[in-house]
Every structure is written in structure tokens, then in C-alpha cells.
Amino acid sequence: MFKKIIIGIIMGALVGMFVTSIILSNTSKLAELFLTKITATAIITGVLCGIYASFSKSKLQVFYISVIIGIVIFYLKYLVTGHNFDALTMGAFVGAMLGGIFAIIRKIKHSYLVFTKLNKRRKKGFGNYN
């Protein structure tokens, strides 16, 4: 669970800086991109998506719930701060990016485990029908 939260923080920061660079095209410094409301909200979304991804077993469910988490968190940010960008679209985009990242990580991990189990069984003679 701790690994997924760290991944959520890092990926939330990267996705937040990416969204900030698209929306606020006049900022060119990395520190300005990192210290925005959008990036902070994306980090919070990443943490919550990481917590949910550690409990869920379904990749598709992680993706859908991450989109919902993104929408809720960005709309709460809109209600609290009055940040006048489209909160629902940004939340859905950030949630989809983070949910996709967690789903891809889970798929890679599962494929690697299946591959290593198959190699162990092949070394023991599984599939040798000579």
C-alpha cells in the first residue's frame, strides 16, 4: 500500500504539472508548474487513487473509481478555492491518467508473475513431452 501511495504522489505531481503546462501556457519554470493548485490537487487525487488501487483487485474498477475520485476532488477544489477552470473535465482527465497508470502497473506486474511461474515450471520439465 505504501508503494502505491508513493507512486500516486509522484504520478500525481507529474500529471498535475502536465495539465498545468497545458492550461497555463505562460509559465515556463518548473517550480511555477509544481507550485500550483492544479498540481496540489492532482497529488491529492494520486494519493487517494493509490490507496484505492491497493485495495481493489480489478484493473477496470481502479480506472473507473480513479476517474470518479478525480472529479470529486477537483470539484471540491473548485468549491473551496473558486478556481475558475473546468473542474469536472480536469478531474476526469487527471483521474483517467492516474487510473490508467495504476491499471498498467497492475497488468505489467501480473504478466511478470505469470511469466516467472511459467519459466519455473518449464525448468522443472513442464511441457517437455519427448
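Use the structure listed above.
Residues numbered from 1 in each chain as written. Predicted model: local features only at pLDDT ≥ 70, side-chain atom pairs only at ≥ 80, totals over all residues. Heavy atoms only, no water.

**Topic: the nonpolar core**
Of all hydrophobic cores here, the largest spans nine residues; its members are Val15, Val19, Ile38, Ala42, Phe74, Ala87, Met90, Val94 and Leu98. Mapped onto this core, the elements with two or more residues apiece are helix H1 (2-23), helix H3 (37-55) and helix H5 (87-123). The element that contributes the greatest number of residues to this core is H5, accounting for four residues. When neighbours within four sequence positions are excluded, Met90 is seen to be in contact with Val19, Ile23, Ile38, Phe74, Lys77 and Phe85. (Core = buried A, V, L, I, M, F, W, Y, C linked by side-chain atoms within 4.5 Å. Buried < 20%, exposed > 50% of the residue type's maximum accessible area, 1.4 Å probe, protein only. Helix = DSSP H or I, 4+ residues; strand = E, 2+ residues; numbered from the N terminus. Contact = heavy atoms within 4.5 Å.)

**Considerations on helix H4 (residues 59-81)**
For H4, spanning 23 residues, the distance from its first C-alpha to its last is 32 Å, which sits close to the expected 33 Å at 1.5 Å a residue. Of all the positions in H4, only Val62, Ser66, Val67, Ile69, Gly70, Ile73, Phe74 and Lys77 are classed as buried. Buried residues belonging to H4 abut H3 and H5. The N-capping residue of H4, defined by a side-chain oxygen 3.2 Å from the backbone nitrogen of Gln61, is Ser58. Just beyond H4, the residue with positive phi is Gly82, at close to 75°. (Expected span 1.5 Å × (residues − 1). Polar contact = N/O pair within 3.5 Å; in protein donor to acceptor, adjacent residues only side chain to side chain.)

**Observations concerning a positive patch on the surface**
A cluster of basic residues, Lys117, Lys120, Arg121 and Lys124, forms a positive patch at the surface. Lys117 gets classed as exposed once you look at its relative accessible area, which sits at 54%. (Patch = residues over 30% accessible without salt bridge, like charges linked within 9 Å, V, L, I, M, F, W, Y side chains within 5 Å. Areas by Shrake-Rupley, 256 points an atom, 1.4 Å probe, with all protein chains shown as cover. Salt bridge = Lys/Arg side-chain N within 4 Å of Asp/Glu carboxyl O. Lys, Arg positive; Asp, Glu negative; His and termini not counted. Charge placed at Lys NZ, Arg CZ, Asp CG, Glu CD.)

**As for the side chain of Arg106**
Residue placement: Arg106 occurs in helix H5. For Arg106, which is buried and forms no salt bridge, the nearest opposite charge comes from Asp86, at a distance of 29 Å. Excluding its chain neighbours within four sequence positions, the residues that come into contact with Arg106 are Lys4, Ala53, Ser56, Lys57, Ser58, Lys59 and Val62.

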